[in-house]
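So the chains spell out like this:
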Amino acid sequence: MGIPPLASGPHGTDALRPLLDTVLDALRAGTAARGGPLPPGGPRAVAARVADAVGEILPGHGDPEALRVLVTVLAEGAADPAHPLCAAHLHAPPLAVAAAADLAASVLNPSLDSWDQAPAASALEALVTRALAREAGAADALVTTGGTESNQLAVLLARETLGTGLRIVHGANAHHSVHRAAWLLGLPDPVVVPAPAGTLDPAALDEALTRVPGPHLVVATAGTTDAGLVDPLPAIADRCAAHGARLHTDAAYGAGLLFSARRRPLLAGLEAADTVALDLHKLGWQPIPAGLLAVADAADLAVLHHRADYLNADDDTDAGLPDLLGRSPRTSRRPDVLKAAVTLKTLGRTGLGALVDEVCDLAEEFAVLVHDRPGLELHAPPTLSTVLFRPARATDADVAAVRRTLLATGRAVLGRARAGGRLWLKATLLNPHTRRADLAALLALVETAAGTGAATPTPPGTAPEGHHAP
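Reading the values: rules and limits
- Residues numbered from 1 in each chain as written.
- Predicted model: local features only at pLDDT ≥ 70, side-chain atom pairs only at ≥ 80, totals over all residues.
- Heavy atoms only, no water.
- Helix = DSSP H or I, 4+ residues; strand = E, 2+ residues; numbered from the N terminus.
- Rg over C-alpha atoms; globule rule 2.2 N^0.38 Å.
- Contact = heavy atoms within 4.5 Å.
- Areas by Shrake-Rupley, 256 points an atom, 1.4 Å probe, with all protein chains shown as cover.
- Lys, Arg positive; Asp, Glu negative; His and termini not counted.
- Charge placed at Lys NZ, Arg CZ, Asp CG, Glu CD.
- Core = buried A, V, L, I, M, F, W, Y, C linked by side-chain atoms within 4.5 Å.
- Buried < 20%, exposed > 50% of the residue type's maximum accessible area, 1.4 Å probe, protein only.
- Pairing = 2+ DSSP bridges.
- Axes fitted to C-alpha atoms, helices over the stretch in contact; angles between N-to-C directions.
- Polar contact = N/O pair within 3.5 Å; in protein donor to acceptor, adjacent residues only side chain to side chain.

Draft legend 1. Focus on the overall build of the protein. Per the secondary structure count, the protein includes 14 helices and 12 strands. A compact globule built from 470 residues would reach a C-alpha radius of gyration of about 23 Å, and the protein, at 24 Å, matches this within 12%. Along the longest, intermediate and shortest principal axes, the C-alpha atoms of the protein span 65 × 65 × 40 Å. Sequence-distant contacts in the protein: of pairs separated by 6 or more residues, those separated by 24 or more amount to 69%. Accessible surface for the protein amounts to roughly 21200 Å². Of this, 59% is attributable to carbon and sulfur atoms. Between the averaged position of the 38 positive side-chain charges in the protein and that of its 49 negative side-chain charges there is a distance of 6 Å.

See below:
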């Protein structure tokens with residue numbers, strides 16, 4: 001075997017074309033072999049199939065069939081977010097145009113830690129981050145890997161601005177990454193404020209800010225992981241202003257509402273935050289990763305400034321080469337902004353807003369279907385695209401068993417969430433091609449697994465060429 005070809009350069013596209021055909025054929029074959037949203041059999045069965053297909057991962061001599069074999073087995077063993085019955089997590093099916101752009105990013109392979117590695121990519125990133133920051137009422141934004149990194153950066157900026165005596169105050173509904181950020185940065189455990197209805201209680205927040213010595217960073221949530229709820233942002237902002245507290249809003253899930261004329265008012269008060277976490281691999285349909293952290297005051301980012309002579313020497317910066325090292329705590333950094341830029345430009349505000357409205361409308365339809373079935377219980381009408389429900393009269397152990405039964409058969413993928421002291425099945429609807437028949441089939445599967453339904457139906461989305469076309 002000679003020297004393998006490169007993906008870029010004058011002959012890169014010629015080398016890629018046959019490989020892309022192999023990948024697309026393998027994706028099709030693996031998806032057909034899976035036949036549903038999840039491979040059946042559970043973890044041991046999947047691991048055994050992967051091990052059997054792969055064989056020796058580092059053989060003495062290379063295998064020219066490795067690309068076909070590994071992509072096929074990965075597709076066959078995937079949890080497919082594009083399948084209408086795969087609705088467990090904030091795990092969106094990526095748009096085709098975004099995935100195609102991501103291929104270009106991988107081929108060109110810019111690294112956004114110095115201008116001479118990413119001339120056009122750094123300019124594009126500046127355009128996109130400023131535009132998305134404006135959407136959130138902010139001055140600037142950094143590209144991150146998602147909500148967790150955005151929340152960690154928000155805590156870091158607050159600590160550097162307010163000092164190591166910082167106390168984080170958040171609702172019981174906040175994302176787990178906030179607590180982890182406090183731990184990573186050597187801060188005290190956050191003060192947890194009650195969220196009795198699933199959202200942060202402003203009166204309880206006021207009491208905590210009065211009782212706990214500051215300085216404070218308050219973390220609000222716009223789109224909770226468990227139920228897709230939005231905290232009362234204006235009331236929280238008022239309490240923060242009254243106590244001189246800094247405010248971070250985790251809108252990793254809910255930020256997509258900014259594109260929807262109908263639902264944007266749900267984010268009223270977002271512009272009052274000092275920092276905002278945004279995430280386009282949820283209600284933005286981007287391949288992972290695609291996060292951002294927006295900041296109200298661009299001067300806050302100065303604390304991230306770092307000098308490495310081989311990347312941003314003073315004389316290069318003085319000569320006009322952009323200094324990129326302070327745009328992230330990471331060094332090597334791929335141009336994740338390209339797929340977002342292509343999506344924003346291709347769909348525009350109207351197109352993205354239509355996708356957001358579609359999945360949120362689907363959630364409302366799903367909730368009605370649940371409500372109308374006597375064998376099921378609905379937790380509450382949805383705010384975003386998440387619906388919590390459970391078999392009626394089931395115990396928490398029953399609910400957990402139903403979910404695991406569906407996972408083991410590979411017929412449906414649902415999440416789990418605890419609300420009101422009980423365990424619920426969680427459907428997170430992020431596939432805009434899902435149809436009402438798919439939702440009804442999902443509920444029928446749940447009823448059957450719970451022992452309340454008749455024969456297990458064949459879900460509409462399992463056909464190779466079915467509901468997935470627009």
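Draft legend 2. Focus on the nonpolar core. Core analysis: the biggest nonpolar cluster contains 56 residues, and Val169, Leu205, Val218, Ile236, Leu247, Leu270 and Trp285 have the highest contact counts within it. Those elements giving two or more residues to this core turn out to be α5 (119-135), β4 (191-193), α8 (202-211), β5 (216-221), α9 (233-243), β7 (275-279), β8 (291-295) and α12 (337-371). Tallying contributions element by element places α12 first for this core, with eight residues. In contact with Val169, other than residues within four places in its own chain, are Val191, Val193, Leu205, Ala208, Leu209, His216, Leu217, Val218 and Val219. Formed by 27 residues, the second largest nonpolar core is a distinct cluster that contains Leu85, Ala363, Leu369 and Leu439.

Draft legend 3. Quick peek at the sheet that holds strand β12 (residues 422-428). With mixed pairing, the five strands of this open sheet are ordered in space as β1-β11-β12-β10-β9. In this open sheet, the two edge strands, each paired with only one partner strand, are β1 (86-87) and β9 (376-378). Of the strand pairs in this sheet, strand β10 (residues 386-391) and β12 are connected by four bridges, and their pairing is antiparallel. Within β12, the position partnered with Val387 by the bridge is Ala427. On the sheet, α12 packs against β9, β10 and β12 and is oriented at approximately 15° with respect to β10.

Draft legend 4. Spotlight on the side chain of Thr224. Looking at the element boundaries, Thr224 is found in the loop between β5 and α9. From its side chain, Thr224 meets the backbone nitrogen of Ala227 in a polar contact 3.4 Å long. Excluding its chain neighbours within four sequence positions, the residues that come into contact with Thr224 are Asn173, Gly198, Leu229 and Tyr253.

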